Amino acid sequence: MNQVFQRLMSDAAALTRSGQTQMATQLIQEALSGITRPVAARPVPVDTAEFAPSPGGKFVLDVVARIIGEPLDPANDPDGAPEKTSAEQECARPPQARVTPRGEQWIDGTFTHKGRVLTYKLFVPAVAAKQAAAPLPLVVMLHGCTQTAADFAAGTQMNALARANGVAVLYPEQAQPANAQRCWNWFKPQHQRRGSGEPAALAGLTEHVVAEIHADPARVYVAGLSAGGAMADIVGRCYPEVFAAVGVHSGLPSGTATDVASALGSMRSGPSSSNRRAANALTIPTIVFHGDADGTVHPSNGSAIVAGAIGGLARAGSAGATPSVSEGQSPKGKRFRRTVYAATSSSPDVEYWELRGAGHAWSGGSPKGTYTDATGVNASEEMLRFFLAHQKGDGLESPGR
């Protein structure tokens, strides 16, 4: 047998062992007919203990939503433009050599926590000499499935806002060996609790970066989209002494799933009493965005996150402070309802943005990235506004180490 035939048959055997018989059959047919394809285009075997196929046959917990415009390659530019400047090339050096906040920086880095390796991109705005002593706020942004750190930065355009407001932005990136579709593993029990798995690694990375760039530990925030939004809710609840506020866009609430089956159920129909475990009682200020036409993550997940965020007030059915409700529309005509729950003795500030007619995409995002809807209200701008109004200690409780 020639080398190409052997390679295809070897791949087919691996797919068969992992239970992916349909892709294995396809490769066998190609081998027998003499068809070849580039290595990057061949199906990749996945661990069936980690993933299960959806009804459509795709190993993904966050299916591709509507993408507005053709995404550009943003890997080497903090705002997603494809050009590479000399300043960006400078960021190829190790982070330790370029963390002094003077000129703007777009840093590539790697962090290891208990054997788990996270790569990341870090945006540090230019700081004038007279401002150098003032620590910067830090926003941690968690991408959705199939996305990368650079893609998420391009789509949300958070760096442009951070540049204008003097804020650093950290984009951790999920590794494909940890999840074939780059989803954060929000649906697994070992990644839903303090001191374990991805939450511990993300909190550790955040504290590492805070120390490296001398960020303000009282003004550290975490936000995410879809699977990243679900993980942001988990991380914020598990580590309220690290994060001052949480932002969730099109995500799911903590404890809504314990495996792939319950995750898919919550995505399709919303969290139910049978599959939702008791959420962490710790609450911190939270802002939530969710489209009421989201066909990937059911809109009721957004209201469930809000209910969890307002904690005891919601569970007790207490009247508390009457929420403020307003209706509005984006400059491009997309309507929304904004509900604000002011802080009380039993609940932190919470905002809920119900996006009318919106699907599974970052509202007000740029077509330079995926999962974006440029016609909606600017979620990045509103999240950053909400974040900067809070600092550590605005939540209700803080756990011991």
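Preceding this section is the structure that the text describes.
These numbers come from a predicted model, not from an experiment.

(A) Just the pairing of strand E5 (residues 220-225), in detail. Counting buried residues along E5, six of its six residues qualify, which places the element largely inside the surrounding structure. Of the two faces of E5, the one carrying Val 220, Val 222 and Gly 224 and the one carrying Tyr 221, Ala 223 and Leu 225 are both buried. Relative to E5, strand E3 (residues 138-142) is paired through five bridges, and the arrangement is parallel. Across the sheet, Met 141 pairs through a bridge with Ala 223, a residue of E5. Handedness of the crossover is the feature at issue here: the chain leaves E5, passes through helix H7 (residues 227-238), returns alongside strand E6 (residues 245-249), and the resulting connection is right-handed.

(B) Local environment of the packing of helix H5 (residues 158-165) against helix H11 (residues 379-388). Where H5 contacts H11, the axes come no closer than 9 Å and their chain directions differ by 40°. What the angle tells us is that H5 and H11 run oblique. Remark: the crossing between H5 and H11 carries right-handed chirality. Residues Met 158, Leu 161, Ala 162 and Asn 165 of H5 touch H11, and the partners they reach there are Ser 380, Glu 381, Leu 384 and Leu 388. A class-by-class count of the residues in the contact of H5 with H11 yields five nonpolar, two polar and one charged.

(C) Quick look at the nonpolar core. By size, the foremost hydrophobic cluster in this structure holds 56 residues, and its most contacted members are Leu 122, Leu 138, Trp 186 and Phe 243. By residue number, the principal contributor to this core is helix H6 (residues 197-213), which donates eight residues. Aside from chain neighbours lying at most four places away, what touches Leu 138 is Leu 122, Val 167, Ala 168, Val 169, Leu 170, Thr 206, Val 209, Val 210, Ala 215, Arg 219, Val 220 and Tyr 221. Counting 32 residues, the second-largest nonpolar core is a separate cluster that includes Ala 149, Val 169, Ala 245 and Trp 362.

(D) H5, seen in detail. Considered for burial, the residues of H5 that qualify are Met 158, Asn 159, Leu 161 and Ala 162. For H5, the angular spread of the buried residues around the axis is 160°, confining them to a single face. Taken together, the buried residues of H5 touch strand E1 (105-113), strand E2 (116-124), E3, helix H4 (149-156), strand E4 (168-173) and H11.

(E) Examining the state of the cysteines more closely. Tallied over the full model, the rule gives one disulfide. Bridging Cys 145 to Cys 183, the disulfide has an S-S length of 2.0 Å. Because the torsion about its S-S bond is 125°, the bridge between Cys 145 and Cys 183 counts as right-handed. On the criterion of sequence distance, the pair formed by Cys 145 in the loop between E3 and H4 and Cys 183 in the loop between E4 and H6 is long-range, its members being 38 residues apart. Across the pair, exposure class does not vary: Cys 145 and Cys 183 are buried alike.

(F) Expanded view of the pattern of salt bridges. Under the criterion given, the structure shown has twelve salt bridges. Of the charged contacts, one joins Arg 163 and Glu 104 as a salt bridge, the two residues approaching to 2.7 Å between their closest N and O atoms. Separated by 59 residues along the polypeptide, Arg 163 in helix H5 and Glu 104 in the loop between helix H3 (86-90) and E1 bring together distant segments of the chain. When the shortest N-O distance is used, the salt bridge between Asp 108 and Lys 121 registers 2.6 Å. On the criterion of sequence distance, the pair formed by Asp 108 in strand E1 and Lys 121 in strand E2 is long-range, its members being 13 residues apart. Among the charged side chains, a network of salt bridges with common partners joins Arg 338, Glu 351, Glu 382 and Arg 385.

What counts, and at which threshold
- Residues numbered from 1 in each chain as written.
- Predicted model: local features only at pLDDT ≥ 70, side-chain atom pairs only at ≥ 80, totals over all residues.
- Heavy atoms only, no water.
- Buried < 20%, exposed > 50% of the residue type's maximum accessible area, 1.4 Å probe, protein only.
- Helix = DSSP H or I, 4+ residues; strand = E, 2+ residues; numbered from the N terminus.
- Pairing = 2+ DSSP bridges.
- Right-handed = clockwise from strand over helix to strand, strands pointing away.
- Axes fitted to C-alpha atoms, helices over the stretch in contact; angles between N-to-C directions.
- Parallel < 35°, antiparallel > 145°, perpendicular 65-115°, else oblique.
- Left-handed = near helix turned anticlockwise from the far one by under 90°.
- Contact = heavy atoms within 4.5 Å.
- Nonpolar A, V, L, I, M, F, W, Y, C, P; charged D, E, K, R; others polar.
- Core = buried A, V, L, I, M, F, W, Y, C linked by side-chain atoms within 4.5 Å.
- Arc of directions from axis to C-beta.
- Disulfide = S-S within 2.5 Å.
- Salt bridge = Lys/Arg side-chain N within 4 Å of Asp/Glu carboxyl O.

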